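Single-letter residue listing:
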Amino acid sequence: MQDVQGLYRLREGVRIQGNLIYRSDPLAVTRVNKSALSLIDELSKDHFRTAEEIAYSTNVEVSDAESLLRSLFERGFLAWNPESNTEYQ
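Residues numbered from 1 in each chain as written. Predicted model: local features only at pLDDT ≥ 70, side-chain atom pairs only at ≥ 80, totals over all residues. Heavy atoms only, no water.

Undergrad: I tried to follow the overall build of the protein on my own but got confused; where do I start?
TA: Scanning the protein for helices and strands turns up 3 helices and 6 strands. Burial status across the protein gives 40% buried among its 89 residues. Accessible surface, the protein: about 5,500 Å² in total, of which carbon and sulfur atoms supply 44%. (Helix = DSSP H or I, 4+ residues; strand = E, 2+ residues; numbered from the N terminus. Buried < 20%, exposed > 50% of the residue type's maximum accessible area, 1.4 Å probe, protein only. Areas by Shrake-Rupley, 256 points an atom, 1.4 Å probe, with all protein chains shown as cover.)

As structure tokens, this is what we get:
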């Protein structure tokens, strides 16, 4: 099992409609495929989860989940909990 650090959740104001994930402040829209949608559907607006937890619950590789979550975080769609590991990221 790979040790992946970092906890993610959806940011307030992020919405999902069809295969689009979007936020309004500032405005950003990204189209995602079905595999990405299954990972995003596992995220909560209330609770942080690790990429490893999400990968196992969706049956994808941990590295793929981590890559998607990091990318969505960098685009402002996800919140990240730095208190879990301040040296991560």
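Undergrad: Please explain the sheet that holds strand β5 (residues 49-50) as it appears in this structure.
TA: Ordered by their spatial adjacency, 3 strands build an open sheet running β5-β1-β6, and the pairing between neighbours is antiparallel. Each having just a single partner strand, β5 and β6 (78-80) make up the two edges of the open sheet. Where strand β1 (residues 7-10) lies against β6, 3 bridges are found, and the strand directions are antiparallel. Residue pairing across strands places Y8 opposite W80, the latter belonging to β6. (Pairing = 2+ DSSP bridges.)

Undergrad: Help me understand the sheet that holds strand β3 (residues 20-24), please; the structure alone is not making it clear to me.
TA: Sheet strands associate in pairs through backbone hydrogen bonding, adopting either a parallel or an antiparallel arrangement. Taken in spatial order, the 3 strands make up an open sheet running β2-β3-β4, and their pairing is antiparallel. Of all strands in the sheet, those bounded by a partner on one side alone are β2 (15-17) and β4 (27-31). Neighbour-to-neighbour, the strand axes of this sheet turn through a mean angle of 20 degrees, independent of strand direction. Direction of pairing for β2 relative to β3: antiparallel, over a ladder of 3 bridges. Counterpart to I16 in the pairing with β3 is I21. (Axes fitted to C-alpha atoms, helices over the stretch in contact; angles between N-to-C directions.)

Undergrad: Got a minute to help me understand the pairing of β1 in this structure?
TA: For a regular strand, side-chain orientation follows a simple rule: the groups alternate between the two sheet faces. With burial as the criterion, each face of β1 is covered, one bearing L7 and R9 and the other bearing Y8 and L10. By the bridge criterion, 2 bridges tie β1 to β5 in an arrangement that is antiparallel. Its bridge partner being in β5, Y8 is matched across the sheet by R49.

Undergrad: Explain the environment of E42 here, please?
TA: Summarising the element assignment, E42 is placed in the loop between α1 (34-41) and β5. Taking relative accessible area as the criterion, E42 reaches 29% and is therefore assigned partly exposed. As for E42 and L10, which are separated by 32 residues in sequence, their C-alpha atoms are 9.8 Å apart. Leave out the neighbours within four places in its chain, and E42 touches R49, I54, S57 and T58. (Contact = heavy atoms within 4.5 Å.)

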